[in-house]
2 protein chains.
Amino acid sequence: MPQPEGSDRRERALPSFYKQVYVGITIYDIAEEAGVSIATVSRVFNDNPRVSEGTRAIVQEVAERLGYQPHVSARSLARRQTETISAIVPMLSNYFYAEVLKGLQDRMSASSFDLLVYSAPTLDEIEGQVEKALHRGRSAGVMLFSAPIKGDLERQLQHSDTPVVLVDCYHPGFDSISTDNRLGGEIAAEYLLAAGIREPAVLMANPHSVPASHRMQGFRGALERKGVHLAEDHLVVSSDGYHDGFNEQAGYDGMMTLLEAGIRPDGIFATSDVQAIGAMDALRNAHHSVPEDVQIIGFDDLPIARYLGLTTLRQPMHEMGGRAFDLLMERMAHPESTVAHTVFAPSLVDRHTTRSATLA
Amino acid sequence: MPQPEGSDRRERALPSFYKQVYVGITIYDIAEEAGVSIATVSRVFNDNPRVSEGTRAIVQEVAERLGYQPHVSARSLARRQTETISAIVPMLSNYFYAEVLKGLQDRMSASSFDLLVYSAPTLDEIEGQVEKALHRGRSAGVMLFSAPIKGDLERQLQHSDTPVVLVDCYHPGFDSISTDNRLGGEIAAEYLLAAGIREPAVLMANPHSVPASHRMQGFRGALERKGVHLAEDHLVVSSDGYHDGFNEQAGYDGMMTLLEAGIRPDGIFATSDVQAIGAMDALRNAHHSVPEDVQIIGFDDLPIARYLGLTTLRQPMHEMGGRAFDLLMERMAHPESTVAHTVFAPSLVDRHTTRSATLA
DNA sequence: GCGTCCACTGTAAGCGCTTACACCAATGAT
DNA sequence: ATCATTGGTGTAAGCGCTTACAGTGGACGC
């Protein structure tokens, strides 16, 4: 049945093959109702000063009454701009990432940006996810977590003109934000040495993880500067399970490896809190007491570390997220400005898995 | 200087006020290069069978060579469809949410959907975030976590025609996925009773949290059915800090409240693992031993619970996320089908903070 | 009374895509 | 030879918005 002419444009039949269709109030509806042109409606929503107060008020009233919302895709298309940023993280359920993301979100909430989250649990998934995030029109900026920037990935990033901020990793060509992992290792070594340990051991995550190896290197370096050697068999590496060995089981297994080899270190540096927690469980099962028999120090300062009395190196995760967002905004505003690297110093949180250095 | 006519359309000058501009290969470029029309190019990318094999191959080759990617906004606009789904979670850094989201992502990765994450740490932020997620053209579906669906929020959701799936909460009008929290409480009570406790106590999160109060109700109900009364002063409620008292500090403080009041329960049910961990710390500081003096049982089964020996009720978080995605897809495919509620039964994970019931 | 300027508003083109519809061989049936 | 039919392709309209550019009418100066 033919529609009477001049019928509301929203009443047009839509192709039936659409599963999900979003119709809604458009600027045409507002314009008609308010008796102005669509250009004027658009200007009102873009805070263009070239609209009279009266007209602005009418348009706003009508839009409010009709519940108008600008269509995001149409807006992006016309503006050649999106208001979403993408984060590519290895593992959402890892507290570090979740908390950095939280810091990011908290800072973002003041802006009108939205956050798209991609997951890349293994190294070879990164490129694919980066490609998605960099897909034309998708995101105004990309935040890439803990990824080694080299080879194809490096090229991919360099050839894109979407701003990128690196979190927990480094490349001279991109803005980045990270913790001084070497320094963290050094602090741990010095602290443990001051607390009187003689036989250090390291429980390390996958060595291809840059943070893990930097932490270990810092630790070993500081040890050596004090004349203490980290024996090869006292460095146990695990890349087990999820997320490169940054998990409890890896810590547990690593500790068991040490114990079963008859190695009895009196000071342990774990490259993450979760590894430390796993190790403590292994120690408990083997009836070794902490910190009496062996002192242990983690890395991250998870909220739970406090309730477990774990001495650790704190990373300001929430702050890192906020700062990452700032960097991205900065880069978007000034694409040509020089690359900025923000490095946070980890701070030692002294609790009960170590003997206070002052008592040593 | 005037451009020679017929210049590549991508060379047009763009308005200078754009901070970030995305230019790129469009179907026009592909069409020109391949010597076909844009319709044909579009058909190739939409797997339309009405394209000859030869043409298809040419278009694909050209697109590949030029690195063509369809523009997401343009596609959404033309198709009146998005391929992003939005999740609104109270707190990303809460393991439960992070893990459910992970499950969701893992299931999504097979599809071409993207995940937008909104954060609503307090109840009054929910509406605003839901409004953003429901914004016209933004998402194909919304996943709402742990939100009490009533009042304005209820109306908001009902008037939207975007599919919605509720996670960790319930409303008869929407698909939902949750854990049987009452049952969890009952299991905890029965287990503790069988393990010989006489004087139960509950460490409960904010009572306006539906999961928290259901867990407590289940616990209390089962107790009463066995003739054991949960004394009023043995139920300590905390809504402290972030996320409604589902945190370590709340558990710690709750336990301290009990201890300072001279109350010495021999069995404690905490409405979450993190609360149980806080409580165990308080107990340790007060030199009460677990499970000898007091048995304790948590809820969630965080990965860490295993390494702490915490007896708890396990929620299948990862699976819940995957299932939530399935529900959403189902709803998108069949908008009129009847509402589905998936309820998972929590399962008891028996560890060392309780005495095995068989020994009681 | 006329031109100038200014504040405001409208027209229309275009963002990059999808798809209805028209069209045009080539094919086969009659 | 004629007419549908069919497979492949192109044309053009439209998705909902932004914005350059072109008015329009009133205030003001002369």
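Quick caveat: nothing in here was measured; it's all calculated off a predicted structure. (Residues numbered from 1 in each chain as written. Chains lettered and ligands numbered in written order. Predicted model: local features only at pLDDT ≥ 70, side-chain atom pairs only at ≥ 80, totals over all residues. Heavy atoms only, no water.)

Just give me the short version of the overall build of chain A, but keep the residues and values in it.
Check the secondary structure of chain A and you find 13 helices and twelve strands. Relative to the globule expectation of 21 Å for 360 residues, the C-alpha radius of gyration of chain A, 27 Å, shows a markedly less compact shape. Dimensions of chain A along its principal axes, counting C-alpha atoms only, are 90 × 40 × 40 Å. A fraction of 70% describes how many contacts in chain A between residues 6 or more apart in sequence connect residues 24 or more apart. Counting every atom, chain A has about 15,700 Å² of accessible surface; 50% of that belongs to carbon and sulfur. Side chains of chain A give 32 positive and 47 negative charges; the mean places of these two sets differ by 5 Å. (Helix = DSSP H or I, 4+ residues; strand = E, 2+ residues; numbered from the N terminus. Rg over C-alpha atoms; globule rule 2.2 N^0.38 Å. Contact = heavy atoms within 4.5 Å. Areas by Shrake-Rupley, 256 points an atom, 1.4 Å probe, with all protein chains shown as cover. Lys, Arg positive; Asp, Glu negative; His and termini not counted. Charge placed at Lys NZ, Arg CZ, Asp CG, Glu CD.)

Give me the lowdown on the sheet that holds strand β12 (residues 347-349) of chain A, citing residues and values where you can.
Sheet strands line up and pair through hydrogen bonds in the backbone, either parallel or antiparallel. All names here are of chain A. On the basis of which strands lie adjacent, the open sheet formed by six strands has the order β7-β6-β8-β9-β10-β12 and mixed pairing. Strand pairing shows two members of the sheet lacking a second neighbour, β7 (235-237) and β12, which therefore form its edges. Strand after strand, the sheet turns through a mean of 20° between neighbouring axes, direction not considered. Across three bridges, strand β8 (residues 267-270) lies against strand β9 (residues 295-300) in parallel orientation. Within β9, the residue paired with Phe269 across the bridge is Ile297. (Pairing = 2+ DSSP bridges. Axes fitted to C-alpha atoms, helices over the stretch in contact; angles between N-to-C directions.)

Report on the relation of the copies chain B and chain A, specifying residues and quantitative values.
Overlaying chain B with chain A gives an RMSD of 0.1 Å, the required rotation being 180° about an axis along which the chain moves by 0.1 Å. Each copy turns onto its partner about a two-fold axis. Mapped onto chain A, 100% of the interface residues of chain B are again interface residues, and the two copies thus contact each other with one and the same surface. (Least-squares fit on C-alpha atoms with pLDDT ≥ 70 in both.)

Describe in detail a negative patch on the surface, supporting the description with residues and values.
Residues and elements named next belong to chain A. Among the surface-exposed residues, Asp124, Glu125, Glu127 and Glu131 lie close enough to one another that they form a single negatively charged patch. Topologically, Asp124 is positioned in helix α6 (residues 123-134). Classification of Asp124 as exposed rests on a relative accessible area of 68%. (Patch = residues over 30% accessible without salt bridge, like charges linked within 9 Å, V, L, I, M, F, W, Y side chains within 5 Å. Salt bridge = Lys/Arg side-chain N within 4 Å of Asp/Glu carboxyl O. Buried < 20%, exposed > 50% of the residue type's maximum accessible area, 1.4 Å probe, protein only.)

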